[in-house]
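Examining the three-dimensional arrangement
Read off the chains here:
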Amino acid sequence: MTYVGIIGGGNISVTHARAALEIPGVELAAWYGHNQDRTRRLSELYGGTLHETFQSFLAHRPMDLVLIGSPSGMHAEQGVLAARQGLHLLVEKPLDITTERIDLLINECHQAGVKLGVFFQDRVAPDIRKLKEILDAGQAGKPILVSGSVKWYRPPEYYGDSRWRGTWALDGGGALMNQGVHTVDLLLWLMGDVTRVSAKATTAFHDIEVEDTVVATLEFASGAVGVLQVATSVYPGYQRRVEVTGSEGTIILEHDRIVATDLRDGLGGPTNPSESNQNPSATSAQVSDVSGHRRILEDFLRAIETNGTPVCDGREGRRSVELVQAIYESSSTGQSVKLHPPNI
Ligand SMILES: NC(=O)c1ccc[n+]([C@@H]2O[C@H](COP(=O)([O-])OP(=O)(O)OC[C@H]3O[C@@H](n4cnc5c(N)ncnc54)[C@H](O)[C@@H]3O)[C@@H](O)[C@H]2O)c1
């Protein structure tokens, strides 16, 4: 049996609990959240002991790993304390809101000998894995151009009713750090490192201190170039769209599904629409289809069991936050920003 602890108690912690309970041999051990009433209700519904303090939660045994679904700016601080107790960590995106804190967390996990993983569920979506295989096999040829369009909508209450969303301190940014980070991770995973970025972020629609609309141009180490648009200001909200062009053709992704494989030699094959997840991400933060989270957790359990590497480990989870920070820096300075990938 594997015993899981849940840190959070909001929207995504429900997803975590449901995903965990879909996996045979997994049991919920303990809960900790700021909103005691809500967390109590969740612990009664899904199982696991409710703890009133973080210290007693961390001391709960048996407990093998924790799923962190607290506000983004709490992830590293809570993760460091959990790692010191020998607990493996599977953390919501973004891993945290600065690379400095993420480095601290990666280091602590290394010292403690525990696994660190990030919930970037795109990486386990069947069509997206297929797209990655096509690109890695060179079937699309030399990378030329990529575009990521995340024209989503969140109503004003999404920010207004929350103490942490849309704040620099706990969300670490707006549409890009919260919603867009999935697609930032995806572009980096598919296309490799970005070496230079130029961007403009605005707060166009919402009454928040962070951006709700951003555009960026990206230069990849491969020589490819890219454009990224991310918003929570685009009513009524459209499916995320990613278009990848290489010298052998173009592949188009809508949401998490390949909708076109236009390669010169016709490689790629048909896709299965039923494998797309049903989450209405373009208009809502709710993750009611938990299959992506379940696959990430299954992958993480395998990594623990085999002493392997999760599909998105700490080092991988750091990359998107580094690029998001560079986009913010470029927007605020009006200059392009050069990135220094660790492997160059
Ligand atoms: N992977 C995805 O698709 C996805 C989707 C939504 C949210 N998320 C991520 O999940 C995290 C939480 O988002 P959400 O939508 O569940 O937010 P939410 O506001 O619904 O829930 C956050 C919960 O954390 C609790 N909380 C606040 N401070 C805390 C603390 N110090 N310790 C423990 N709990 C605390 C709050 O009481 C609240 O219940 C964010 O990092 C977000 O980016 C990921």
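Just so you know, these numbers come straight off a predicted model, no measurement behind them.

This paragraph deals with the sheet that holds strand β13 (residues 257-263). The sheet built from 8 strands is open, its strands ordered β13-β12-β11-β7-β10-β9-β8-β14 with mixed pairing. For this open sheet the edge positions go to β13 and β14 (337-338), each flanked by a neighbour on one side alone. Of the strand pairs in this sheet, strand β7 (residues 143-151) and strand β11 (residues 241-246) are connected by 6 bridges, and their pairing is antiparallel. Within the sheet, the bridge partner assigned to Leu 145 lies in β11 and is Thr 245. The sheet contacts of helix α6 (residues 126-136) involve β11, β12 (249-254) and β13, and relative to β13 the element is tilted by about 25°.

Attention now goes to the domain arrangement of the protein. Here the domain parsing of the protein yields domain 1 (2-121) and domain 2 (123-283 + 314-338). Inter-centroid distance (C-alpha atoms) of domain 1 to domain 2 is 26 Å. Listed per partner, the contact involves 21 residues of domain 1 and 23 residues of domain 2. Carbon and sulfur atoms supply 62% of the area that domain 1 and domain 2 bury against each other, a total of about 1700 Å² over both sides.

Arg 61 connects to Pro 62 through a cis peptide bond whose omega is 0°. Topologically, Pro 62 is positioned in the loop between α3 (54-59) and β4 (65-68). Along the chain, Tyr 235 connects to Pro 236 via a cis peptide bond; the corresponding omega equals 5°.

Close to the ligand lie 28 residues, the nearest being Ile 12, Gln 78, Gln 121, Trp 164 and Arg 165. Ser 70 places a main-chain nitrogen or oxygen 3.5 Å from an oxygen atom of the ligand. Out of a free accessible area of 840 Å², the ligand has 87% covered by protein chains. Taken together, the elements giving at least two residues each to the shell around the ligand come down to α1 (11-21) and α4 (75-84). The two domains that each donate at least three residues to the shell around the ligand are domain 1 (2-121) and domain 2 (123-283 + 314-338).

Let's shift gears to the pairing of strand β9 (residues 213-220). Two faces make up the sheet, and in a regular strand the side chains alternate between them. Where burial is concerned, the two faces of β9 differ: the one with Val 214, Ala 216, Leu 218 and Phe 220 is buried and the one with Thr 213, Val 215, Thr 217 and Glu 219 is not. By the bridge criterion, 8 bridges tie strand β8 (residues 194-202) to β9 in an arrangement that is antiparallel. Across the sheet, Lys 200 pairs through a bridge with Val 215, a residue of β9. Relative to strand β10 (residues 225-231), β9 is paired through 7 bridges, and the arrangement is antiparallel. Note on β10: the bridge partner recorded for Val 214 is Val 230. The hairpin turn running from β9 into β10, its antiparallel successor, is 4 residues long, and Gly 223 in that turn takes a positive phi close to 105°.

The rules behind these values
- Here the residue index of a chain counts from 1 through its sequence in written order.
- Given that this is a predicted model, residues contribute local features only at a pLDDT of at least 70 and side-chain atom pairs are listed and counted only at 80 or more, while totals for whole chains, interfaces and linings are drawn from all residues.
- No hydrogens and no water enter the side-chain calculation; it runs on all heavy atoms of the structure.
- Note on pairing: two strands pair once DSSP finds at least 2 bridges between them.
- Going along the chain from the N terminus, every DSSP run of H or I of four or more residues is numbered as a helix, and every run of E of two or more is numbered as a strand.
- Contact definition: two residues touch when any of their heavy atoms are within 4.5 Å.
- Note on definitions: angles span 0 to 180 degrees between N-to-C directions of axes, and those axes are lines fitted to C-alpha atoms, for helices only across the stretch in contact.
- Note that domain bounds follow an automatic or database assignment of domains.
- When two parts are brought into contact, each loses some accessible area as probed by a 1.4 Å sphere; the total of that loss over both is the buried area.
- Nearness of a residue to a molecule or strand requires only that one of the residue's heavy atoms be within 4 Å of it.
- A 3.5 Å cut-off defines polar contacts: any pair of N or O atoms within that distance qualifies, except that in protein one atom must be a possible hydrogen donor and the other a possible acceptor, and neighbouring residues in sequence count only when both atoms are side-chain atoms.
- Using a 1.4 Å probe, the Shrake-Rupley method yields the accessible areas, and only the shown protein chains count as cover for residues.
- Relative accessibility thresholds used throughout: buried, under 20% of the residue-type maximum; exposed, over 50%; partly exposed, between the two (1.4 Å probe, protein chains only).

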